[in-house]
Every structure is written in C-alpha cells, then in structure tokens.
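Residue-level listing of the chains:
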Amino acid sequence: MERKESKRDTAVRLACCAVIALIICYGAEKLGESLKLPLWEEHGHLLKENKVQAIAILAALLFGASLALFPLPGEEHKDCCGTEDYTQVECD
C-alpha cells in the first residue's frame, strides 16, 4: 500500500509541476506580447513555435527542484560516507 501512495504522490507532484509550467509559459507569452520587451521580440517566436517542449522542460525543472527541496517521505537515504561501508583491498 505504501508503494501505491508513493507513486500517487509522485504523480500528483508531477501534474502540479506541469500545470504550473503551463501557466508560466502562457503567462510569459501574454506578458511578453503586451509589454513589447526587446528580449521577447527577439526570442519570443521560439516559445510560440515550441510550446510543448518548453512546457515539458519547465515542468521537468520544476519537478526536479521540488524533489530537491521537498523529498518524498520514505526516500530517506543512508549516509554512505561512513567507514563501515568500505573494505580495504590490497593491490600487488
């Protein structure tokens, strides 16, 4: 049961990141067009032509950042820097 909850939490987090990325991309498009920013005038066509890719990349970045800032419960990693994890090997 714990595994299903973990998958569901991950799916919800990814869906939220995708929705936020969608809002950011469409907001940036509307804001860039209304303000006539020089940066938008020069590079805005890239976002218009590649909306799906831009949203996917931004969603992936947001998802990675959310995992770094707020790890899922149960993903506690052991500290692997202890000496008990290593064995000494002699080379000839």
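Provided above is the structure to which this section pertains.
Because the structure is predicted, anything quoted here is derived from the model rather than measured. Residue positions within a chain follow its written sequence, with the count starting from 1. Given that this is a predicted model, residues contribute local features only at a pLDDT of at least 70 and side-chain atom pairs are listed and counted only at 80 or more, while totals for whole chains, interfaces and linings are drawn from all residues. Just so you know, side-chain values use all the structure's heavy atoms and leave hydrogens and water out.

Let us look at the overall build of the protein chain. Secondary structure follows DSSP: runs of H or I at least 4 residues long count as helices, runs of E at least 2 residues long count as strands, and numbering of each begins at the N terminus. Scanning the protein chain from N- to C-terminus turns up 3 helices and 0 strands. If you list the helices and strands of the protein chain from N to C, you get α-α-α. Counting only residues that meet the buried cut, the protein chain has 16% of its 92 residues in that class. Any two residues whose heavy atoms approach within 4.5 Å are treated as being in contact. A separation threshold of at least 6 residues defines the contact pool for the protein chain, and within that pool the share at least 24 residues apart is 67%. Surface exposure here means Shrake-Rupley accessible area, sampled with a 1.4 Å probe, where a residue is shielded only by the protein chains that are shown. Only carbon and sulfur atoms are counted for the fraction: they give 64% of the accessible area of the protein chain, which is about 7,900 Å². For the exposure calls, accessible area comes from a 1.4 Å probe over protein chains only, and a residue counts as buried if that area is under 20% of its type's maximum, exposed if over 50%, partly exposed in between.

Note on definitions: salt bridges are taken to be side-chain nitrogens of Lys or Arg within 4 Å of carboxyl oxygens of Asp or Glu. If you walk through the whole model with that rule in mind, you get 2 salt bridges. For the salt bridge of Glu29 with Lys51, the shortest nitrogen-to-oxygen distance reads 3.2 Å. Within this pair, whereas Glu29 is found in helix H1 (residues 2–35), its partner Lys51 is found in helix H3 (residues 51–69), the two being separated by 22 residues in sequence.

Relative to the assigned elements, Ser66 resides in helix H3. Accessibility expressed as a relative area gives 14% for Ser66, which makes it buried. Setting aside residues no more than four positions away along its own chain, Ser66 makes contact with Arg13, Cys17 and Pro71.

Residues enter a patch when their relative accessible area is above 30% and they make no salt bridge; the linking distance is 9 Å between like charges and 5 Å between nonpolar side chains (Val, Leu, Ile, Met, Phe, Trp, Tyr). Judged by side-chain polarity, Leu31, Leu35 and Leu37 come together as a nonpolar surface patch covering roughly 270 Å² of accessible area. In this fold, Leu35 is placed in helix H1.

None of this, on its own, says anything about what the molecule does.
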